[in-house]
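Read off the chains here:
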Amino acid sequence: MDNIVDSLNSAYQEFVAAAASVLEAKEISGGQKTAATDAALENFKQRWELFRVACDQAEEFVESVKQRIGSECLVDEATGSVAGKPGQNVTTSLPPISAVRLEQMSKAVRWLVIELQQGSGTAGGPSHSHVSPPFDARFSEDAAQ
């Protein structure tokens, strides 16, 4: 994470310095278009693009961390691990499920999402044989439904 912050900071500093160079070149040229102003503007454009790339990388990192934290919270909630943490009064009406079962359900959902994104999902029934059935009798929480 430190590398991402350092990269973003560096790109920002270079972007600001390039903006200052454009202003200085414009001032020196009296507002006229010169080779120096063109070079300063080109450098500014390059630094702007590099800054945008650094921002995009930072945003991707933040999104991946948010997803990881969300997944960890989901596993904690589903397995009942949250209730055991000190200082938290968590009450849930759902019984905890096994982490293995949670992973199976997660895979089934991912397959469905992939199929929907590819446009192969149909409303008329299952169009595939690789997705798990809606319940599995090996798991007591599904058999009770």
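Note that this is a predicted model, so its numbers are computed, not measured. (Residues numbered from 1 in each chain as written. Predicted model: local features only at pLDDT ≥ 70, side-chain atom pairs only at ≥ 80, totals over all residues. Heavy atoms only, no water.)

Student: Would you take a moment to explain the pattern of salt bridges for this structure?
Tutor: Close approach of charged atoms allows side chains with opposite charge to pair. The final tally for this structure, using the stated rule, is three salt bridges. Linking R52 and E49 is a salt bridge whose minimum nitrogen-to-oxygen distance equals 3.5 Å. Here R52 and its partner E49 are both found in helix 2 (residues 35-79), three residues apart, which amounts to about one turn of the helix. Look at E49 and you get partly exposed, because its relative accessible area is 37%. (Salt bridge = Lys/Arg side-chain N within 4 Å of Asp/Glu carboxyl O. Helix = DSSP H or I, 4+ residues; strand = E, 2+ residues; numbered from the N terminus. Buried < 20%, exposed > 50% of the residue type's maximum accessible area, 1.4 Å probe, protein only.)

Student: Which parts of the structure should I look at to understand the side chain of S29?
Tutor: Along the polypeptide, S29 turns up in the loop between helix 1 (2-28) and helix 2. Within polar-contact distance, the side chain of S29 engages the backbone oxygen of Q32 at 2.8 Å. For S29, the residues in contact, after removing those within four places along its chain, are T34 and T37. (Polar contact = N/O pair within 3.5 Å; in protein donor to acceptor, adjacent residues only side chain to side chain. Contact = heavy atoms within 4.5 Å.)

Student: Where do I start with the packing of aromatic side chains in this structure?
Tutor: The relative placement of two aromatic rings is captured by the distance of their centres and the angle of their planes. Under the counting rule described, the total for this entry stands at five aromatic pairs. Aromatic side chains Y12 and F51 sit 5.7 Å apart centroid to centroid with 50° between the ring planes, which places their arrangement in the tilted category. Of this pair, Y12 sits in helix 1 while F51 is found in helix 2, placing the two residues 39 residues apart along the sequence. For Y12, a relative accessible area of 39% puts it in the partly exposed group. When its relative accessible area of 15% is taken as the criterion, F51 is described as buried. With a centroid separation of 5.4 Å and an interplanar angle of 45°, the aromatic rings of F15 and W48 are classed as tilted. Of this pair, F15 sits in helix 1 while W48 sits in helix 2, placing them 33 residues apart in sequence. Using a relative accessible area of 16% as the deciding quantity, one classes F15 as buried. Through a chain of ring-to-ring contacts, three or more aromatic side chains come together here, namely Y12, F15, F44, W48 and F51. (Phe/Tyr/Trp six-rings, centres within 6.5 Å; stacked < 30°, edge-to-face > 60°.)

Student: Just to check I follow, could you spell out the side chain of T37 for this structure?
Tutor: Topologically, T37 is positioned in helix 2. The residues contacting T37, other than those within four sequence positions of it, are A25, K26, S29 and Q32.

Student: It is not clear to me how helix 1 should be interpreted in this structure. Could you clarify?
Tutor: Structurally, the α-helix is built with 3.6 residues per turn, so residues lying three or four positions apart point the same way. The end-to-end C-alpha distance of helix 1 is 39 Å, a good match for the 39 Å that 27 residues give at a rise of 1.5 Å each. G30 sits one or two positions beyond helix 1 and adopts a positive phi of about 70°. (Expected span 1.5 Å × (residues − 1).)

Student: When you look at the environment of L41 in this model, what are you seeing that I'm missing?
Tutor: Position of L41 among the secondary structure elements: in helix 2. Classification of L41 as partly exposed rests on a relative accessible area of 38%. With 23 residues separating them in the primary sequence, L41 and A18 have C-alpha atoms 8.0 Å apart.

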